Amino acid sequence: MCRVDLCLRPARGPLILVEVLPAGSVLTRLLALGAREVWVAPGPKVARLLAEAFPEEALLLGEVEGFPPEGFHGRLSLLDLEAAEVRGRRAVLSAPTLNASLLPEEEEVYLASLRNAKAVLEAARELEEPTLRPSGAPEPLLSAVVALGFLKRKLAPEAPPSLPTLLLKAFPDPQEALFQSPEGQALHRQGRTEELAWASLIGVDPVVPKLAEVRFFPKEAHGLSRDRYAQRFVPWKG
């Protein structure tokens, strides 16, 4: 049995965080391509601080209006990753929405998207009453809610209808759901519609990212506007 929570409050037990766009699919793909670990930072400044700790191995990815910030190696792009040198590196993502979708006290967290849905479904059956949460909660991303509905329908087909499963009926084609979402429209305006097709593929990445560490960045020590946290994900071994 699993529960759906569209609010941002501490999960009771294991949490499956669902994000397709903008960073969730990229994080999973990085691990599938052999990245050692992937850090999720709240913005470029914390991302650079993390990358400074392992300069030779760092792969710094992020974007502002479709372009990587100064000093970054690339954008949050599934297509670009295919030509990147990923294996053995420590990736750092500037991913504010994904970062803010987790609470510092949450320890058992797994990341789901459409691309790793098959692996997530297998993992979820080993977890005791996992909670499904869409990225962006309490104002969840449309693409994340639809993907959550897909997972929920597979995990608990007899459960009463919920908002995610009702939305899934409105968008039976995952690629159309991604295209209609605000995050998908942002990619479309940048001429990156092919990214949506790649993100809508179901079950092609056999990796479940699991939270391995949360690192605290106090504002006084790093010149930040407020205290920040970054999360480290590694492949779940089961």
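For the structure itself, look to the data block above.
Residues numbered from 1 in each chain as written. Predicted model: local features only at pLDDT ≥ 70, side-chain atom pairs only at ≥ 80, totals over all residues. Heavy atoms only, no water.

**What to know about the pairing of strand S3 (residues 37-41)**
Successive side chains on a regular strand alternate, one facing one side of the sheet and the next facing the other.
Turning to step 1, where the next piece is worked out: Burial within S3 is extensive, with 5 of its 5 residues counted as buried.
Turning to step 2, where the next piece is worked out: Along S3, one buried face is formed by Glu37, Trp39 and Ala41 and the opposite face, lined by Val38 and Val40, is buried too.
Turning to step 3, where the next piece is worked out: In this sheet, strand S5 (residues 90-94) lies alongside S3 in parallel orientation, the contact comprising 5 bridges. Of the residues in S5, the one forming a bridge with Val40 is Leu93.
Turning to step 4, where the next piece is worked out: Relative to strand S9 (residues 228-235), S3 runs antiparallel, the two sharing 3 bridges. Opposite Val40, over in S9, you have Gln231 as the bridge partner. (Buried < 20%, exposed > 50% of the residue type's maximum accessible area, 1.4 Å probe, protein only. Helix = DSSP H or I, 4+ residues; strand = E, 2+ residues; numbered from the N terminus. Pairing = 2+ DSSP bridges.)

**Some words on the packing of aromatic side chains**
Here a ring pair, both rings aromatic, is described through the centre-centre distance and the interplanar angle of the planes.
Turning to step 1, where the next piece is worked out: Counted under the stated rule, the structure contains 2 aromatic pairs.
Turning to step 2, where the next piece is worked out: Considering the side-chain rings of Tyr110 and Trp236, the 5.4 Å spacing of their centres and the 75 degrees angle between planes classify their relative orientation as edge-to-face. Separated by 126 residues along the polypeptide, Tyr110 in strand S6 (residues 109-112) and Trp236 in the segment after S9 bring together distant segments of the chain.
Turning to step 3, where the next piece is worked out: The exposure class assigned to Trp236 is partly exposed, which follows from its relative accessible area of 21%.
Turning to step 4, where the next piece is worked out: Ring geometry for Phe216 against Tyr229: centres 5.1 Å apart, planes inclined by 35 degrees, an arrangement best described as tilted. Of this pair, Phe216 sits in strand S8 (residues 209-217) while Tyr229 sits in strand S9; the two residues are 13 residues apart in sequence, bridging distant segments of the chain.
Turning to step 5, where the next piece is worked out: Its relative accessible area of 32% is what places Tyr229 among the partly exposed residues.
Turning to step 6, where the next piece is worked out: Its guanidinium or amino end placed over the ring of Phe54, Arg90 lies 5.4 Å from that ring's centre, counting from NZ or CZ. (Phe/Tyr/Trp six-rings, centres within 6.5 Å; stacked < 30°, edge-to-face > 60°. Lys NZ or Arg CZ within 6 Å of the ring centre and 35° of its normal.)

**Some details on the pairing of S6**
Turning to step 1, where the next piece is worked out: Where burial is concerned, the two faces of S6 agree: the one with Val109 and Leu111 and the one with Tyr110 and Ala112 are both buried.
Turning to step 2, where the next piece is worked out: The pairing of strand S2 (residues 15-18) with S6 spans 4 bridges and is classified as parallel. Within S6, the residue paired with Leu15 across the bridge is Val109.

**Examining the nonpolar core**
Turning to step 1, where the next piece is worked out: Formed by 51 residues in total, the largest nonpolar core has its most connected members in Ile16, Leu27, Leu30, Leu93, Leu98, Leu151 and Phe233.
Turning to step 2, where the next piece is worked out: Counting 14 residues, the second largest nonpolar core, distinct from the first, contains Ala47, Leu50, Ala51 and Ala58. (Core = buried A, V, L, I, M, F, W, Y, C linked by side-chain atoms within 4.5 Å.)

**Some thoughts on helix H6 (residues 142-155)**
Turning to step 1, where the next piece is worked out: Counted at 1.5 Å a residue, the expected span for H6 with its 14 residues is 20 Å, and the 20 Å between its end C-alpha atoms agrees.
Turning to step 2, where the next piece is worked out: Most of H6 is tucked away: 10 of the 14 residues are buried.
Turning to step 3, where the next piece is worked out: Inspection of H6 places Ser143, Ala144, Val145, Val146, Ala147, Leu148, Gly149, Phe150, Leu151 and Lys152 among the buried residues, and these make up the whole buried set. (Expected span 1.5 Å × (residues − 1).)

**Things to note about the packing of helix H5 (residues 117-124) against H6**
Turning to step 1, where the next piece is worked out: Orientation of H5 relative to H6, taken along the N-to-C sense of each, is 45 degrees, at an axis distance of 11 Å. Between H5 and H6, the crossing angle belongs to the class labelled oblique. Considering the relative orientation of H5 and H6, their crossing is right-handed. Listed contacts from H6 to Ala117, Val120, Leu121 and Ala124 of H5 are Phe150, Leu151, Lys154 and Leu155. (Axes fitted to C-alpha atoms, helices over the stretch in contact; angles between N-to-C directions. Parallel < 35°, antiparallel > 145°, perpendicular 65-115°, else oblique. Left-handed = near helix turned anticlockwise from the far one by under 90°. Contact = heavy atoms within 4.5 Å.)

**Concerning the pattern of salt bridges**
It is possible for side chains bearing opposite charge to pair when their charged atoms get close.
Turning to step 1, where the next piece is worked out: In the structure shown here, the tally under the stated rule is 14 salt bridges.
Turning to step 2, where the next piece is worked out: The salt bridge involving Glu63 is made with Arg192; its shortest N-O contact spans 2.9 Å. Linking Glu63 in the loop between strand S4 (58-61) and helix H3 (78-81) with Arg192 in the loop between helix H9 (182-189) and helix H10 (193-199), this pair joins segments that are 129 residues apart in sequence.
Turning to step 3, where the next piece is worked out: As a salt-bridge pair, Asp80 and Arg75 come within 3.2 Å of each other at their nearest N and O atoms. (Salt bridge = Lys/Arg side-chain N within 4 Å of Asp/Glu carboxyl O.)

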